[in-house]
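Here's the letter readout for the chains.
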Amino acid sequence: MARNLWIGKPGLLREIPQAARSWDRSAELNVTEFKSLDGQITAIAPARTARRLKFSWEWLEPADADHLVRLARRVNGPGMLGRNAYAGRTVVVLDPASVNLLDPYQAAAQSTHPSGADHWFTVQGAITISPFTDDVVLGSCEDAATRIGWRHSVWPGWPVMPGMKVSWLLPPDWVAGLSTAQLDWTDVDGGYLASESASGTTVTGTAPDGAAFVTPVGGPGATGMTGLAGACLTIGEAPVALALGEGCPAMAVTGCTDTPAPRLPYRNIGIDLVEVAGAAL
């Protein structure tokens, strides 16, 4: 992954090169315990977990501090990387510790939808998604020319900025001699810009000018059943098969601290975020 934090609105991501003084990226498990009179414990938890992120910096550069405060306070204006864009609603965070930007359940080929429509869509041809053992799903390709797209849960694709080097690895049980790996670049409104593809299970491309999102696509190159688990989408380094999907979820800012550093104009900044399905902010 890119080893610096990128944060902002889609199409307006800013790189924060300074390492955070503290950084917590724990998931919110929401486990509730019930203890019976005889001492036995029953635990109840939701089927899905959400991520929380907490960052704090000391002596942060003023421009970087202003960018984070704009996001937290939802301040409109050209300060958002030179564009007059609304700073509210969902926020993009490209976490430098994440190896695989796919959703964790998507990377593991688990879906709460019988059709798999929450994680995959048909670009061309025909594929039928069906549940399999332990909630892992498989796809049945009815056409050798089928192309399958991986779907982000909130945005038209995975957020990028022009010049970013993106790599995409197809599921490990796809046959390299038959498969095609592809990256589709789109602008901030979801409009198609360009594609890069390669024969085999891996493709690497550089986000072109105007690119705000990338959608990973794959073609199995054969009919019949095909697995969907184990794919990997990375920025800035080689993808790893079966890597835990840590996602690039839409997030909302839930807290912010802003105190002057001992030497002005530097500032000490803290920001808290939580994974959301949407944000009415």
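Residues numbered from 1 in each chain as written. Predicted model: local features only at pLDDT ≥ 70, side-chain atom pairs only at ≥ 80, totals over all residues. Heavy atoms only, no water.

S.K.: When you look at the environment of A72 in this model, what are you seeing that I'm missing?
M.R.: Position of A72 among the secondary structure elements: in helix α1 (residues 62-73). Overall, A72 belongs to the buried group, its relative accessible area being 14%. Spatially, the C-alpha atom of A72 lies 10 Å from that of G270, the residues being 198 residues apart in sequence. Excluding anything up to four places from it in sequence, A72 contacts V253 and C256. (Helix = DSSP H or I, 4+ residues; strand = E, 2+ residues; numbered from the N terminus. Buried < 20%, exposed > 50% of the residue type's maximum accessible area, 1.4 Å probe, protein only. Contact = heavy atoms within 4.5 Å.)

S.K.: Please clarify how the sheet that holds strand β14 (residues 165-169) should be interpreted in this entry.
M.R.: The pairing of strands in a sheet happens through backbone hydrogen bonds and is either parallel or antiparallel. Taken together, three strands build an open sheet; the order of strands is β17-β14-β20 and the sheet is antiparallel. Looking at which strands have only one partner, the edges of the open sheet turn out to be β17 (202-206) and β20 (232-235). Within the sheet, the average angular offset between the axes of one strand and its neighbour, ignoring direction, is 15 degrees. Relative to β20, β14 runs antiparallel, the two being bridged by four bridges. Residue S167 lies in a different strand from β20, and its bridge partner there is T234. (Pairing = 2+ DSSP bridges. Axes fitted to C-alpha atoms, helices over the stretch in contact; angles between N-to-C directions.)

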